[in-house]
Amino acid sequence: MGGGIGGGSSNAATALVALNFLWQTELTFDELAEIGLTLGADVPVFVRGFAAFAEGVGEKLSQAHPKEQYYLVIKPKVSIATVDIFTHPELTRNTPKRALSTLLDALT
């Protein structure tokens, strides 16, 4: 947690999915993702369990199929809460929106 790769959000999603199973509530992934969104913007992607590009506050997902199967994660001894990043007064929100296809083409 604190590394910016969804540690806390994946824990929350796992808890939702596990409790849904254990308590046999039979909630759909859409319903679990909606609950998860109240906990954190990236919880829905972890509820669904696939790589995705997210829009909005994390509720609009487009499935992605990255070629890489292995990643190296290096985490410095610094933690910054996601809420601190996204509520920082100097965070600009003026980046023009690009189509998913444009983003994917830029990776090749």
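1. Some remarks on the environment of Thr38
Moving on, step 1. Looking at the element boundaries, Thr38 is found in the loop between helix H2 (29–37) and helix H3 (43–48).
Moving on, step 2. A distance of 2.5 Å separates the side chain of Thr38 from the backbone oxygen of Ile35, its partner in a polar contact.

2. Considering unusual backbone geometry
Moving on, step 1. For Gln24, which is not a glycine, the phi torsion comes out positive at approximately 55°.
Moving on, step 2. Within the secondary structure, Gln24 sits in the loop between helix H1 (7–22) and H2.
Moving on, step 3. When its relative accessible area of 63% is taken as the criterion, Gln24 is described as exposed.

3. Re the confidence of the model for the chain
Moving on, step 1. The predicted model of the chain has a mean per-residue pLDDT of 85, with 94% of residues at 70 or higher.
Moving on, step 2. Highest mean pLDDT in the chain belongs to H2 (95); lowest belongs to helix H5 (residues 100–106) (78).

4. Quick notes on the packing of H1 against H2
Moving on, step 1. At a minimum axis distance of 10 Å, the contact between H1 and H2 shows a crossing angle of 135°. Relative to H2, the element H1 is oriented oblique. Seen along the crossing, H1 lies across H2 with a hand that is right-handed. Of H2, the residues touching H1 (which contributes Leu16, Val17 and Asn20) are Leu32, Ile35 and Gly36.
Moving on, step 2. For the contact of H1 with H2, the per-class residue count stands at four nonpolar, two polar and no charged.

Parameters and conventions
- Residues numbered from 1 in each chain as written.
- Predicted model: local features only at pLDDT ≥ 70, side-chain atom pairs only at ≥ 80, totals over all residues.
- Heavy atoms only, no water.
- Helix = DSSP H or I, 4+ residues; strand = E, 2+ residues; numbered from the N terminus.
- Polar contact = N/O pair within 3.5 Å; in protein donor to acceptor, adjacent residues only side chain to side chain.
- Buried < 20%, exposed > 50% of the residue type's maximum accessible area, 1.4 Å probe, protein only.
- pLDDT = per-residue confidence, 0-100.
- Axes fitted to C-alpha atoms, helices over the stretch in contact; angles between N-to-C directions.
- Parallel < 35°, antiparallel > 145°, perpendicular 65-115°, else oblique.
- Left-handed = near helix turned anticlockwise from the far one by under 90°.
- Contact = heavy atoms within 4.5 Å.
- Nonpolar A, V, L, I, M, F, W, Y, C, P; charged D, E, K, R; others polar.

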